[in-house]
There are 2 protein chains.
Amino acid sequence: MSNIDIKSVNAIRILSADTVQKANSGHPGLPLGSAAMAYELWAKHMNHNPANPKWENRDRFVLSGGHGSALLYSLLHLFGYGNLSVEDLAQFRQLDSLTPGHPEYKHTVGIEATTGPLGAGMAMAVGMAMAEAHLAAKFNKDNYPIVDHYTFVLGGDGCMMEGISSEAFSLAGTLGLNKLIVLYDSNKISIEGDTDIAFRENVEKRFEAFGFQTLVVEDGNDLIAIGKAIEEAKADKTRPTLITVKTKIGHGCPAKEGKASAHGEPLGADNVKALRENLAWESHEPFEVAEDVYDNFKAIAKKNADVEAEWAQLFADYAKAFPEMKELWDQYHNENIAKDLIQKEEFWAFDNKPEATRNLSGMVINRLKDYIPGFIGGSADLAPSTKTYMNGEGDFSVDDYAGRNLHFGVRELAMAAIGNGLALHGGLRAYVSTFFVFSDYVKPMARLSALMGLPLTYVLTHDSIGVGEDGPTHEPIEQLAMLRAMPNFVAYRPADATETIAAWYHAVTSLDHPTALVLTRQNLPQLAGSNKEGTLKGGYVIEDSIKEVPDAIILATGSEVELGINAKAELAKEGIDVRVVSLPSIDVFEQQSAEYKESVLPKAVRARVAVEAAIDFGWGNYVGLDGAYVTMKGFGASAPADQLFKKFGFTTENVVKAVKSVL
Amino acid sequence: MSNIDIKSVNAIRILSADTVQKANSGHPGLPLGSAAMAYELWAKHMNHNPANPKWENRDRFVLSGGHGSALLYSLLHLFGYGNLSVEDLAQFRQLDSLTPGHPEYKHTVGIEATTGPLGAGMAMAVGMAMAEAHLAAKFNKDNYPIVDHYTFVLGGDGCMMEGISSEAFSLAGTLGLNKLIVLYDSNKISIEGDTDIAFRENVEKRFEAFGFQTLVVEDGNDLIAIGKAIEEAKADKTRPTLITVKTKIGHGCPAKEGKASAHGEPLGADNVKALRENLAWESHEPFEVAEDVYDNFKAIAKKNADVEAEWAQLFADYAKAFPEMKELWDQYHNENIAKDLIQKEEFWAFDNKPEATRNLSGMVINRLKDYIPGFIGGSADLAPSTKTYMNGEGDFSVDDYAGRNLHFGVRELAMAAIGNGLALHGGLRAYVSTFFVFSDYVKPMARLSALMGLPLTYVLTHDSIGVGEDGPTHEPIEQLAMLRAMPNFVAYRPADATETIAAWYHAVTSLDHPTALVLTRQNLPQLAGSNKEGTLKGGYVIEDSIKEVPDAIILATGSEVELGINAKAELAKEGIDVRVVSLPSIDVFEQQSAEYKESVLPKAVRARVAVEAAIDFGWGNYVGLDGAYVTMKGFGASAPADQLFKKFGFTTENVVKAVKSVL
């Protein structure tokens, strides 16, 4: 350990402590405890170029314990990422600053993932490592390892307690993701006190059970031991590695070290002073770092720029030697590759016969696989039911990372986070899948998809009471409302083949948000009035009234659009002139112009009936105070689906009645 | 293995196969594979009395793999639970039958928990075992072990893959819950095929890491080995036990055994025939079981009735010896114990000063602990922040099961399931707690609380953008909509002390549904117009207009009620006469009579403005087509809370503007 290394580690500590102190809010404990391992990793073992944070072959680093963001900001500042300044650090947790409370992807340069919900970063890192393995298998040629990087993730006891990390790491072990390296900041302290109150397990043994190499660094300040462990981790060519680094939370601050109080509140001015003295830090001014420390980081950054330059040369040679691979590479990295499908007739073709939308989705997936080479995905052990298997594309496994079909096991939450990781890595367009009711399990990670604006697709089948015999535990009733309520998340509930294909088109052309496709188990008819343009606008008139101003409007989605159309026909016999509006995506419809919305749902028409086999929560802004609902009022039941639709009132007769009740 | 034992095991298999075949829907694989272990357990090792399924000291059995419900129904029928008949089995998965697709608590006699979402049963069983340990610590006296039973849970590979089971079992190991016995139906088959595609971990080693005793039964049909393992499990007085039982999915059915296709579809008539032949089953008629088999089950049931009778005698002696304990026992088992609090002035008292509702909740919890002896709860490592600690009541730990403060660790999902288990066990009224944004993690288990109608309380603090500096990952925006959308789930978002106390009163007096309390981090003023009666109705006029028919209505909840009141005052200066309605619980308000609702929100008044620092999704049915919203339009941000409220438009000025816009 050279003097400059120690000074550099302490620079991270001091900057982090000052950052939190200035904000008078934040988490100093993790940065102080983890500064040494972070420095050793970033300075000596990680390929990254501060001058080009988007270098495709950089090593990825995820701070799973996102509350320790000050650590990350200190590192990014010292390494010169995007000229993140000490002024930025001093604006920590302030309105519109570059240094928000938790690291935010796309917001601050060099942040690989938004983290905060514990465990999430762990699972996203697994997704990144899977992306690397897949792209390496697809692209690398002898002597041309153009995809060849590690994924590092750092987290603490909380990340280890969360079930998502067990899910993700069990899969990582199964898949032998040897370029995944987990740094476990083990400080034995949680918010409620010593981890012994709730967490006495042998973490290393658990990871061995998962198939990891496990290494332990007894002293979290021993840079040499940390470096040795990282190199041992890299040297294992068959297993991912867990490096347990024993640290003290709040290291260096005499009054706080090893205490729960170091975790989530500023040290206090006196303690920051004591920290400076204890670390023999030269300067007394906040945010002041000696030139030799900056020089050290600059020199490292320079060396790393050279590493990227070498890679760029390798890639240029590769492009020359394998021009067809270079072309493929560009296709993988072209986010707009699917746009042209809007004109391809064969993409929009379907048989005019009743079909479950999950089957239609399966058909589309097997078209998309040919149009989008970087299309990859799978299900949480339900592919035969969710129809998400890409035929002939192989299975992603330890024996074949080139397989495009992912098998997540029964692990919905980790699946969604891994999907985020695949999307974050770049070069791929991913989808994940489970039963719609189990979107409950994926919610925390779907929220991160939305927050980060990742174009991940969620294929959620077995919609509503159409599930039938499996009963209420398997019948999604309130899940649609949940997805619609989430900002920057688009949910589609298509009514037939055209709407299903259009929903997929929306999903694979989106750039800044996730999309869920909510699909039926049961067959639905092909509707004469459905069209892609309307579907891509989220809602449209699928069967219009004769009069310009209809007597009433029926609003429906998915399996209930047919019901609306049938009711319209019945009402016509009695001289009641109804418009039927299909609203496959309320989220997308809401984004349309006021004029378009008024053209579909004229404000003057107050006789409105919403028909949807889901809870009515959220329909009020279309139905108003004068309309009616044919919707679910509670949980479903176990019985054949057709009987359930009747039992819960989803009949033409009942829709007719509802319309009449509001005329 | 006696002949009658083998015949009895096969009776379970045949009945289960017939049940699924008759329904032409369901999961025969688990019942066929697990019949032997289930029989051995229920017949020889479990204390349960079919004549009294609610016997307090019965051993609990949870089928975590709920899709194998036919196994459970066969057992319940054969043991004579509630006269569940073969006709009931023949109505499997049919409308309104006693035998729905997945086991449903309260619906079918002898079902200890609703299961289906994988892993849930595992974690609920941990909760039951914790309840047993706590009640035993509270009640047992030397020579009077009146609380002394085991909790058994059976599940397969899917349950083991789900993160929730790692969360729950890591805690179970930490707590040394030695009366928890897990039967792992290990058949190496998942829906997508061999479990090797996604699950190669060493499960036993993982459980050893958690602190379990682990035992392996190599042949899942070896009743003697299974029995021996169960007794070894019982003999371990310090650790919970995992018994891995190696089985073949679909055992006994030549064409299906060991195949994924045995899992989730009927065997087919031919294969059921082949099963009969293969098992040398005497009868060819569906659902026909020989008398000697019934006699065997009857004899076992009789023996078990004697076991309960012995316990009843022990309990009677205990009641005599310790009358004060008998009184306490009755208090623990009195679900209505908190009802009288409505009249106790000291329960409703508070200081008239600004206070965060989380702090007020903490005050109430520390009152309730004295009124409700069976009150127990805790948080997912956030008690100092969520204010859920009961002072002086000790910590539930391996050293002291009498402690009433639970430490779940950073494991939100398992926490909610454990809360369900505590409620299912009986004798306790439980609460669980985390940050509101992490209600996302608890959602799948909160849904089970609602489905089962369990009166569990969720204390969810750090509401909305009031979280401030922690930023969007920690700011719940869409979570309120999510909870409100869930059937049979009550969410309260109180505005001050009176509303907070009333919300707690609702929670601890509820009998058939869970309640969430959504609480602020920041201080709120005490409102002059708030009252408990209105709060208990879910919504009420907190500040009325002068005129009988107001010019406009402001609807608000929680921290925004104050804003509505301030806006009303401003508008009054301009001669605009506004009513302010506080809606702490939309769920409860919806249950009120049409008359009451009309009295609060007269339909004639269309100038309505909803004010809530959450996404507006779900407000439309009150705001209608003519109203306006002062609500969140997307995710929050990282900054001091007061700045965020301004940034996102939560100002008196803005509410005034919104009201004027709809006049």
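Remember, predicted model here, so these are calculated numbers, not experimental data. (Residues numbered from 1 in each chain as written. Chains lettered and ligands numbered in written order. Predicted model: local features only at pLDDT ≥ 70, side-chain atom pairs only at ≥ 80, totals over all residues. Heavy atoms only, no water.)

### Let's talk about the interface of chain B and chain A
Contact with chain B, which involves 102 residues of that partner, is made by 102 residues of chain A. Between chain B and chain A, a total of about 8,500 Å² is buried, with carbon and sulfur atoms accounting for 60% of that surface. For the chain B face of the interface with chain A, the top three residues by lost area are B:Glu192, B:Phe617 and B:Leu625, together amounting to 9%. One can count 14 salt bridges joining chain B with chain A. Between B:Glu208 and A:Lys205 there is a salt bridge, with the nearest N and O atoms lying 3.5 Å from each other. At the junction of chain B and chain A, the tally comes to 53 residue pairs in polar contact (both at pLDDT 80 or more). Among the elements that make up the side of chain B that touches chain A, the one with the highest residue count is helix α17 (residues 439–452) of chain B (nine residues). Per-class residue counts for the side of chain B that touches chain A are 44 nonpolar, 29 polar and 29 charged. (Contact = heavy atoms within 4.5 Å. Buried area = accessible area lost by both parts, 1.4 Å probe. Salt bridge = Lys/Arg side-chain N within 4 Å of Asp/Glu carboxyl O. Polar contact = N/O pair within 3.5 Å; in protein donor to acceptor, adjacent residues only side chain to side chain. Helix = DSSP H or I, 4+ residues; strand = E, 2+ residues; numbered from the N terminus. Nonpolar A, V, L, I, M, F, W, Y, C, P; charged D, E, K, R; others polar.)

### Details of the side chain of B:Gln522
Within the fold, B:Gln522 resides in the loop between β14 (515–519) and β15 (523–524). Aside from chain neighbours lying at most four places away, what touches B:Gln522 is B:Glu355, B:Ala356, B:Thr357, B:Gly466, B:Ser559 and B:Phe645.

### Comments concerning the sheet that holds strand β6 (residues 213–217) of chain B
Residue and element names in this part refer to chain B. If you walk across this open sheet you meet the five strands as β1-β2-β3-β7-β6, and the pairing is parallel. The open sheet terminates on both sides in strands that have one partner only, identified here as β1 (60–63) and β6. Ignoring strand direction, the axes of neighbouring strands in this sheet form an average angle of 20°. Note that β1 and strand β2 (residues 151–156) share four bridges and pair parallel. The residue bridging Arg 60 from the neighbouring strand is Thr 151, located in β2. Against the sheet, helix α5 (residues 120–139) touches β1, β2 and β3 (180–186), its axis set at about 170° to β2. (Pairing = 2+ DSSP bridges. Axes fitted to C-alpha atoms, helices over the stretch in contact; angles between N-to-C directions.)

### Considerations on the relation of the copies chain B and chain A
Rotating chain B by 180° and moving it 0.0 Å along the rotation axis overlays it on chain A with an RMSD of 0.0 Å. Both copies are brought into coincidence by an operation consistent with a two-fold rotation axis. An overlap of 100% is found between the interface residues of chain B and their copies at the interface of chain A, pointing to a shared contact surface. (Least-squares fit on C-alpha atoms with pLDDT ≥ 70 in both.)

### Concerning helix α14 (residues 357–371) of chain B
For α14(B), with 15 residues, the first-to-last C-alpha span of 21 Å sits near the 21 Å given by 1.5 Å per residue. The complete set of buried residues in α14(B) reads B:Thr357, B:Arg358, B:Leu360, B:Ser361, B:Gly362, B:Val364, B:Ile365, B:Asn366, B:Leu368 and B:Lys369. (Expected span 1.5 Å × (residues − 1). Buried < 20%, exposed > 50% of the residue type's maximum accessible area, 1.4 Å probe, protein only.)

### Observations concerning the pattern of salt bridges
Taken as a whole and judged by the stated rule, the model has 75 salt bridges over all chains. A salt bridge links A:Glu282 to A:Lys7; its shortest N-O distance comes to 3.5 Å. Linking A:Glu282 in the loop between α10 (269–278) and α11 (291–321) with A:Lys7 in helix α1 (residues 3–23), this pair joins segments that are 275 residues apart in sequence. Residue A:Lys7 is classed as buried on the basis of its relative accessible area, which comes to 15%. The salt bridge involving B:Glu257 is made with B:Lys248; its shortest N-O contact spans 3.7 Å. For B:Glu257, a relative accessible area of 26% corresponds to the partly exposed category. Through salt bridges with shared partners, one network takes in A:Lys369, A:Asp370, A:Glu393 and A:Arg404.

### Concerning the confidence of the model for chain A
Counting all residues, the mean pLDDT for chain A is 97, and 100% of those residues have values of 70 or more. Listed scores for the predicted complex are pTM 0.98 and ipTM 0.97. (pLDDT = per-residue confidence, 0-100.)

### Details of the environment of A:Glu201
Structurally, A:Glu201 is set in the loop between β5 (193–194) and α8 (203–210). For A:Glu201, a relative accessible area of 9% translates into the label buried. For the pair A:Glu201 and A:Met161, spaced 40 residues apart in sequence, the C-alpha to C-alpha distance is 9.6 Å. If sequence neighbours within four positions are ignored, A:Glu201 has contacts with A:Arg206, B:Ser170, B:Thr174, B:Ala209 and B:Phe210. Side-chain polar atoms of A:Glu201 contact the side chain of A:Arg206, separated by 2.5 Å.

### Topic: the environment of A:Phe210
Secondary-structure assignment places A:Phe210 in helix α8. Judged by its relative accessible area of 2%, A:Phe210 is buried. As for A:Phe210 and A:Gly173, which are separated by 37 residues in sequence, their C-alpha atoms are 5.1 Å apart. With near-sequence residues (within four places) excluded, A:Phe210 lies in contact with A:Ser166, A:Phe169, A:Ser170, A:Gly173, A:Thr174, B:Glu201 and B:Arg206.

### So, the packing of α1(A) against helix α3 (residues 69–79) of chain A
A pair of packed helices can be characterised by two numbers: the angle between their axes and the separation between those axes. Residues and elements named next belong to chain A. Orientation of α1 relative to α3, taken along the N-to-C sense of each, is 120°, at an axis distance of 9 Å. In terms of orientation, α1 lies oblique with respect to α3. Taken as a pair, α1 and α3 cross one another with a handedness that is right-handed. In contact with Ala 11, Ile 12, Leu 15, Ser 16, Thr 19 and Val 20 of α1, α3 contributes Ala 70, Leu 71, Ser 74, Leu 75, His 77 and Leu 78. (Parallel < 35°, antiparallel > 145°, perpendicular 65-115°, else oblique. Left-handed = near helix turned anticlockwise from the far one by under 90°.)

### Examining the sheet that holds strand β20 (residues 628–632) of chain B
Residues and elements named next belong to chain B. The strand order β16-β18-β17-β19-β20 describes an open sheet built from five strands, whose pairing is mixed. Edge positions in the sheet fall to β16 (540–543) and β20, since each has one partner strand and no second. On average, adjacent strands in this sheet sit at an angle of 25° to one another, irrespective of strand direction. Direction of pairing for strand β17 (residues 552–556) relative to strand β19 (residues 608–615): parallel, over a ladder of four bridges. Bridging across to β19, Ile 553 finds its partner in Arg 608. Sheet contacts for helix α21 (residues 561–573): β16, β17, β18 (578–582) and β19; angle to β18, the most-contacted strand, approximately 175°.

### Thoughts on the pairing of β20(B)
Residues and elements named next belong to chain B. Of all five residues making up β20, four are buried, and the element is well covered by its neighbours. As defined by bridge partners, β19 adjoins β20 across five bridges and the pair is classed as parallel. Considered in β20, the bridge of Val 609 is made with Ala 628.

### Considerations on the side chain of B:Arg93
The residue B:Arg93 is located in the loop between α4 (86–90) and α5 in this model. Side-chain polar atoms of B:Arg93 contact the side chain of B:His27, separated by 3.5 Å.

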